[in-house]
Amino acid sequence: MDIDYGKCWDTSKKSWKSTLILAYQSLGVVYGDLSISPLYVYKSTFAEDIHHSETNEEIFGVLSFVFWTLTLVPLFKYVFIVLRADDNGEGGTFALYSLICRHAKVSLLPNRQVADEALSTYKLEHPPETKNSSRVKLLLEKHKFLHTALLILVLLGTCMVIGDGLLTPAISVFSAVSGLELSMSRDHHQYAVIPITCFILVCLFALQHYGTHRVGFCFAPIVLIWLLCISALGLYNIIHWNPLVYKALSPYYMVKFLKKTRKGGWMSLGGILLCITGSEAMFADLGHFSYSAIQIAFTFLVYPALILAYMGQAAFLSKHHHTIHKIGFYVSVPDCVRWPVLVIAILASVVGSQAIISGTFSIINQSQSLGCFPRVKVVHTSAKIHGQIYIPEINWILMILCVAVTIGFRDTKHMGNASGLAVMAVMLVTTCLTSLVIILCWNKPPILALGFLLLFGSIELLYFSASVIKFLEGAWLPILLALFLVTVMFVWHYATVKKYEYDLHNKVSLEWLLALGPSLGITRVPGIGLVFTDLTSGIPANFSRFVTNLPAYHRILVFVCVKSVPVPFVPPAERYLVGRVGPAAHRSYRCIVRYGYRDVHQDVDSFESELVSKLADFIRYDWYKTHGIIDNEDDGSRSGASSGECRLTVIGTLAFSGTPAFELEDNVQLASVSVGFPTAESVTDVIEMRPVERRVRFAIDNESEVDSREEMDTQLQEELEDLYAAQQAGTAFVLGHSHVKAKQGSSMLKRLAINYGYNFLRRNCRGADVSLKVPPASLLEVGMVYIV
């Protein structure tokens, strides 16, 4: 596979100036969290487990650990390896999961179609599979419990990112504000730091609804000034206090440190690992920048600045063994610049907090798109910059929990223990998923994936073990939060899949729909009826229930399926799959609307009008194709179409207007050409079309064809007039109002999850009508009880 395929930014065609500008912009978004770690790493490390002595073995050992941890994990692991495992330019946990799902059949997403593999963002160049990689693939595909285990692993990583979004603002702002302890008495400091920290956190969360693009215009300059500031302070302390501190970068000092401190040294690793908090942001925010920009920014600015900052602090502490002040960042700052540095540190901590909060919003939105999180309100705060979102409910919950953590813990030690565990859990998940990507997607020998897993996994497990051992000293918080969130997400996903399976087994045949008519007392009323369903084929049970209780349905009937596919984006030209349900005279259609996990769902006004436009384009295309006026290559691929469920066609950007002339431009970009693919439920469900450029040939009428051509034009015009007349008459949205119950004989755990857990979440989250922005006056809800 070409690992640079599908990147949003083609850096080979851009100037170095553009790449450097992107690298500069990435400072405020990507590196805010990572750059403020010098505020609390040494303070957390020396909080209790080890003590600084006259021999300097402890401080030099910690510096050596910090240097090699920063070198191996952010630099080698993320910059040189993990960043290459992008999904069409997108990064993060779900990007790795979607890559794995596209290369092996391990996805648990409902209404999955094999036809989705024709998407341009889905297709990848596959090198020949090796026997070993195919064995791993077959093993994963064979065992269903491995699919579930993989999903739980992804959900666990997602929950730890959310936990990091809760803990990072607390520890970063608290550590920055704690610099006041050197400028006031202990009594005043005790009563000042907590209120000031809480005030800053409340202001930070209160400003979220304005959007990052409004409050973040100065983020990059702040982080740049902060990095230059800690670099200058580091150089000053090295030159002034201990120029020989560079010797501590040798791995020898790590061994010496562990020999002397033993168990205390191992437990102190829970503080050392905080030096790499925020490293995951390099991968998670890859979609907003280029690989080269993130690589340049970290390698040539962030990494050297952090190393200098830690070396400078170690150089100062190596000459100051007194205990007048606790070990921390501000003790190494000269008195003459302490106040300016304090202000810059607080601003930088706010920037770092903003980045992780935005990342939390993003990953919850992705979880919701893939059916793994209850529906919440998502506000897109920028019409120009994609991906900048705000989720009110999550924002206020995070604010309350963040303030509670600050007031409850009240010190860097407990916050550091909690934050460290969350960070290492996310990194372990990324390491495991990347190992699978190396085998399944890059088709490398399993020995390379195993080497990657053992090298970085062992480092992260060492740090993770040091965090877990401090369960009672703060590490319990991310574990408790993750268990709660994983339970919520898995219950929601499990019930969603069960509902889909119930719909699939209880769908009605096409013959039943076609048999409905005046003889049965069924009437067709003016207007368009949009029947929303999760099914990609067949007639949903909620529609049969609707017709049974109200023996009438609309003149134009459209079965709409809004579904997510395991790609970050679906191009607009490939979003709508449209086909007929029954003959043309029945005026029934099926429309599948596909979104990626990072796509912005359109509001209902544009959706309704665009849907009618796509239906009109499909009607024209279908009539022209049926009568041989449009002739495409690949015509033989239709043989797999079902006689009942007509082929589905990708309706893209080409609009057919009016009756075609005898000639058209020789090179026309059609939105689609016919390609046959089965769905997951049936091998003869749909024929789908894939966007490529084709030549369109129009047949020239001769005298024998004039009559049939005129008849076709008349029928086409009638169908279009029916469509537009129905649009003028109004649109009704038919949605199912479901209640889910566990069937008799189910286990106690399943009954608790379905009858109480899922139904409680469903009642207290946003309804489908609100998520789809259906006008209340046009909503028709059909009550359904699902026995799963």
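Model, not experiment: these values are computed from the prediction.

A. Quick look at the overall build of the chain. For the chain, the helix and strand inventory stands at 25 helices and 13 strands. Considering the chain as a whole, with its 788 residues, one finds that 57% of them fall into the buried category. Pairs at least 24 residues apart make up 83% of the contacts formed inside the chain by residues separated by at least 6 positions. Accessible area of the chain: about 32400 Å², with a carbon and sulfur share of 62%.

B. Quick peek at helix H7 (residues 144-177). Along its 34 residues, H7 runs 50 Å from first to last C-alpha, staying within 8% of the 50 Å computed at 1.5 Å per residue. Taking the largest bend as the criterion, H7 deviates by roughly 30°, centred on Leu167, and proline Pro169 comes between one and four positions later. Most of H7 sits out of view: 26 of its 34 residues are buried.

C. Inspection of unusual backbone geometry at higher detail. Phi at Arg262 is positive, roughly 50°, even though this residue is not glycine. For Arg262, a relative accessible area of 63% gives the class exposed. In the Ramachandran plot, Arg587 falls in the positive-phi region, its phi being about 60° despite a non-glycine side chain. Within the secondary structure, Arg587 is located in the loop between strand E5 (576-581) and strand E6 (588-595). The class of Arg587 is buried, set by a relative accessible area of 9%.

D. Main features of the packing of helix H10 (residues 219-241) against helix H15 (residues 338-369). Following both chains from N to C, one finds H10 and H15 inclined at 130°, their axes separated by 9 Å at the closest point. In terms of axis orientation, H10 runs oblique to H15. When the axes of H10 and H15 are compared, the crossing they make is left-handed. Every residue of H15 that contacts H10 at Phe219, Ile222, Val223, Ile225, Trp226, Cys229 and Leu233 is listed here: Val341, Ile344, Ala345, Leu347, Ala348, Val351 and Gln354. For the contact of H10 with H15, the residue count by class is 13 nonpolar, one polar and no charged.

E. View of the pattern of salt bridges. Applying the stated criterion across every chain yields a total of 14 salt bridges. The salt bridge involving Lys498 is made with Glu501; its shortest N-O contact spans 3.7 Å. Residue Lys498 and its partner Glu501 are both found in helix H19 (residues 476-505); the two are separated by three residues, about one turn of the helix. Exposure remark for Lys498: the relative accessible area of 23% places this residue in the partly exposed category. A salt bridge links Arg580 to Glu719, with the shortest nitrogen-to-oxygen separation between them at 2.6 Å. On the criterion of sequence distance, the pair formed by Arg580 in strand E5 and Glu719 in helix H23 (residues 706-729) is long-range, its members being 139 residues apart. A relative accessible area of 6% places Arg580 in the buried class. Salt bridges sharing common partners tie together Glu57, Glu58, Lys256 and Lys260.

F. Up close: the side chain of Ser564. Summarising the element assignment, Ser564 is placed in strand E4 (residues 552-564). In this structure the side chain of Ser564 is engaged in a polar contact, spanning 2.5 Å, whose partner is the backbone oxygen of Ser369.

G. Expanded view of the packing of helix H17 (residues 412-440) against H19. In contact at an axis separation of 7 Å, H17 and H19 are set at 50° when each is read in the N-to-C sense. With respect to each other, H17 and H19 are oriented oblique. Facing H17, whose interface residues are Ala418, Leu421 and Ala422, H19 presents Leu477, Pro478 and Ile479.

H. Structural detail: a nonpolar patch on the surface. Taken together, the side chains of Ile447, Leu448, Leu450, Leu453 and Leu454 make up a nonpolar region of the molecular surface, amounting to roughly 470 Å² of accessible area. On the secondary structure map, Leu454 appears in helix H18 (residues 446-468).

I. Structural detail: the environment of Thr412. For Thr412, the location among the structural elements is in helix H17. A residue is classified by how much of its surface remains accessible, and Thr412, at 5% relative accessible area, is buried. Between the alpha carbons of Thr412 and Ser44 there is a distance of 6.3 Å; along the sequence they are 368 residues apart. Discounting chain neighbours no more than four positions away, the residues touching Thr412 are Tyr40, Lys43, Ser44, Ile171, Phe174 and Ser175.

J. Structural view of the confidence of the model for the chain. Looking at the chain, the pLDDT average stands at 80 and 81% of residues meet or exceed 70. Taken as a whole, residues 1-14 scores under 50 in pLDDT and shows 35 contacts with residues more than four places along the chain or in a different chain. This stretch, residues 654-701, has a pLDDT under 50; its non-local contacts, to residues over four places away or in other chains, come to 139 contacts.

K. Spatial organisation of the packing of aromatic side chains. Applying the stated criterion to the full structure yields 22 aromatic pairs. Ring plane angle 75° and centroid distance 5.5 Å describe the contact between Tyr252 and Tyr253, whose orientation is recorded as edge-to-face. Put simply, the rings of Trp512, Phe543, Phe546, Tyr553 and Phe559 touch in pairs and so form one group of aromatic residues. A cation sits over an aromatic face here: Lys499 above Tyr786, 5.4 Å from the ring centre.

L. Broad picture of the state of the cysteines. Within this structure, the stated rule accounts for zero disulfides. Summary of cysteine pairing: Cys372 is not part of a disulfide, and the nearest cysteine sulfur, belonging to Cys101, is at 9.9 Å. The buried category is assigned to Cys372, whose relative accessible area is 2%.

M. Inspection of the environment of Leu504 at higher detail. Mapped onto the secondary structure, Leu504 falls in helix H19. Overall, Leu504 belongs to the partly exposed group, its relative accessible area being 21%. Between the C-alpha atom of Leu504 and that of Ile539, which follows or precedes it by 35 residues, the distance is 9.4 Å.

How each quantity is defined
- Sequence positions are assigned chain by chain, starting from 1 and proceeding in written order.
- Under the rules for a predicted model, residues below a pLDDT of 70 receive no local features and side-chain atom pairs below 80 are neither given nor counted, while totals for whole chains, interfaces and linings still include all residues.
- Only hydrogens and water are set aside when side-chain values are computed; all heavy atoms of the structure are taken into account.
- The secondary structure listing takes helices from DSSP runs of H or I that are at least 4 residues long and strands from runs of E that are at least 2 residues long, numbered from the N terminus.
- Note on exposure labels: buried denotes an accessible area under 20% of the residue type's maximum, exposed denotes more than 50%, and partly exposed covers the range between, all computed with a 1.4 Å probe on protein chains only.
- When checking whether two residues touch, look at their non-hydrogen atoms; a contact exists if any pair is within 4.5 Å.
- Where accessible areas are quoted, they stem from the Shrake-Rupley method and a 1.4 Å probe; at the residue level, only the protein chains shown are allowed to cover.
- In this analysis, the expected span of each helix is defined as 1.5 Å times one less than the number of residues it contains.
- Bending is quantified residue by residue as the angle between axes fitted to the seven-residue window ending at that residue and the seven-residue window starting at it.
- To get an axis, a line is fitted to the C-alpha atoms, and for a helix only the part in contact is used. The angle between two axes follows their N-to-C directions and goes from 0 to 180 degrees.
- Orientation is classified from the angle alone, with under 35 degrees giving roughly parallel, over 145 giving roughly antiparallel, 65 to 115 giving roughly perpendicular, and any other angle giving oblique.
- Each crossing gets its handedness from the near helix: less than a right angle anticlockwise from the far helix is left-handed, clockwise is right-handed.
- Only Asp, Glu, Lys and Arg are considered charged, only Ala, Val, Leu, Ile, Met, Phe, Trp, Tyr, Cys and Pro nonpolar, and every remaining residue, Gly among them, polar.
- What counts as a salt bridge is simple: a side-chain nitrogen of Lys or Arg found within 4 Å of a carboxyl oxygen of Asp or Glu.
- Polar contact is the term for a pair of N or O atoms within 3.5 Å; when the atoms are in protein, one must be able to donate a hydrogen and the other to accept it, and sequence-neighboring residues count only if both atoms are side-chain atoms.
- Like charges within 9 Å and nonpolar side chains (Val, Leu, Ile, Met, Phe, Trp, Tyr) within 5 Å are joined into patches, using only residues over 30% in relative accessible area that form no salt bridge.
- Confidence of the predictor at the level of single residues is captured by pLDDT, which takes values from 0 to 100.
- Whether two aromatic rings pair depends on their centres lying within 6.5 Å, for rings of Phe, Tyr and Trp, where Trp uses its six-membered ring; planes under 30 degrees apart make the pair stacked, over 60 edge-to-face, and the rest tilted.
- By definition, being over a ring means that NZ of Lys or CZ of Arg is both within 6 Å of the ring centre and within 35 degrees of the ring normal.
- Disulfide: a pair of cysteine sulfur atoms within 2.5 Å of each other.

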